[in-house]
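Residues per chain, in single letters:
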Amino acid sequence: KNQVEQSPQSLIILEGKNCTLQCNYTVSPFSNLRWYKQDTGRGPVSLTIMTFSENTKSNGRYTATLDADTKQSSLHITASQLSDSASYICVVNVDNAGKSTFGDGTTLTVKP
Amino acid sequence: NAGVMQNPRHLVRRRGQEARLRCSPMKGHSHVYWYRQLPEEGLKFMVYLQKENIIDESGMPKERFSAEFPKEGPSILRIQQVVRGDSAAYFCASSPRRGNQPQHFGDGTRLSIL
C-alpha cells in the first residue's frame, strides 16, 4: 500500500479559479515533503520543499502547507492558468536517506 | 548550466534484447537517483548512487536490472533480456548531496518493448 496518498486523482477547473490538492502520508520517520509539477512528457519540476518545522511555503501562485501532526499537506493554486495543466506529485523523504516515496499524483486540467 | 540530461529520449527494444539508459547529472552533482514510471502510475524509486557507489538499490528488481555511476561519465541503468513489462518511462534525478536539496529531474527515457 502506497504510503503517500493524493486526492483527488484528477481535477478539472476553469481558468482563473483556485484549487487545492491534498496529500496524506504515513511515511516515517519524516524528513521533508516536496511538491512537484510534471508536464506531459517531461520530468517533474520542484515547486516547494518543506521540512518538519515549516507550516507553509509559497512559490508564486503555488502555496504549500504542512501539518506534521496530522501528516497532511496541501498545495493551493491561485488564479489558475492554462499552463497549470499538469500532474502534481507529492513526495515524502525519509530521514535524509535520499530515498523518496512518491504519491501517484493529481492530474489537473485547466480549461478556458 | 545544463540540467539533468537523459538519453535516449525514446528507446525501442525487442523482447530479450538489452536496454542501456544514460543519465548525466547536473554539473557539480554527485548523487544520482533512478525512478520508473509505469503508464498511469506514479514514480517508483529504483536505485540511488553516488560516484562509484550504490547507496540504496532496494527498489531495483533483483534480476536483469543493474546500475552504475562511474568516476567518469554518465550513470547507466542497464536492463538485460527485456520483457514487455519493462515498458515504462525511466527518470533520473540528481542532487549535490543528500537531504533537503531539491532533486532535479531529467525528462526521462521512454522504453518500449515490442
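What counts and what doesn't
Residues numbered from 1 in each chain as written. Chains lettered and ligands numbered in written order. Predicted model: local features only at pLDDT ≥ 70, side-chain atom pairs only at ≥ 80, totals over all residues. Heavy atoms only, no water. Helix = DSSP H or I, 4+ residues; strand = E, 2+ residues; numbered from the N terminus. Buried < 20%, exposed > 50% of the residue type's maximum accessible area, 1.4 Å probe, protein only. Polar contact = N/O pair within 3.5 Å; in protein donor to acceptor, adjacent residues only side chain to side chain. Pairing = 2+ DSSP bridges. Axes fitted to C-alpha atoms, helices over the stretch in contact; angles between N-to-C directions. Core = buried A, V, L, I, M, F, W, Y, C linked by side-chain atoms within 4.5 Å. Contact = heavy atoms within 4.5 Å.

Points about the side chain of Q6(A)
Residues and elements named next belong to chain A.
Okay, so step 1: Along the chain, Q6 turns up in strand β1 (residues 4-7).
Okay, so step 2: On the accessibility criterion, Q6 (14% relative accessible area) is buried.
Okay, so step 3: A distance of 2.9 Å separates the side chain of Q6 from the backbone nitrogen of C90, its partner in a polar contact.
Okay, so step 4: At 3.0 Å, the side chain of Q6 and the backbone nitrogen of G105 are in polar contact.

Regarding the sheet that holds β1(A)
Sheet strands associate in pairs through backbone hydrogen bonding, adopting either a parallel or an antiparallel arrangement.
Residue and element names in this part refer to chain A.
Okay, so step 1: Taken in spatial order, the five strands make up an open sheet running β1-β3-β8-β7-β6, and their pairing is antiparallel. Taken across any chain shown, the strands that pair with only one partner, and hence form the sheet edges, are β1 and β6 (56-59). Shown here is a sheet whose adjacent strand axes are inclined to one another by a mean of 15°, direction ignored.
Okay, so step 2: Here strand β7 (residues 62-67) pairs with strand β8 (residues 72-77) via six bridges, running antiparallel. Residue pairing across strands places T63 opposite H76, the latter belonging to β8.

Overview of the nonpolar core
Okay, so step 1: The biggest cluster of nonpolar side chains holds 24 residues, and the ones touching the most others in it are Y25(A), L33(A), W35(A), L75(A) and Y88(A).
Okay, so step 2: Elements with a minimum of two residues in this core: β3 (19-25), β4 (30-38), β5 (45-51), β7, β8, β9 (86-94) and β11 (106-111) of chain A.
Okay, so step 3: Ignoring sequence-local partners within four residues, the contact set of Y88(A) consists of Q6(A), L21(A), W35(A), Y36(A), K37(A), L47(A), Y62(A), L75(A), I77(A), G105(A), T106(A) and L108(A).
Okay, so step 4: Counting 23 residues, the second-largest nonpolar core is a separate cluster that includes V4(B), W34(B), M46(B) and A88(B).

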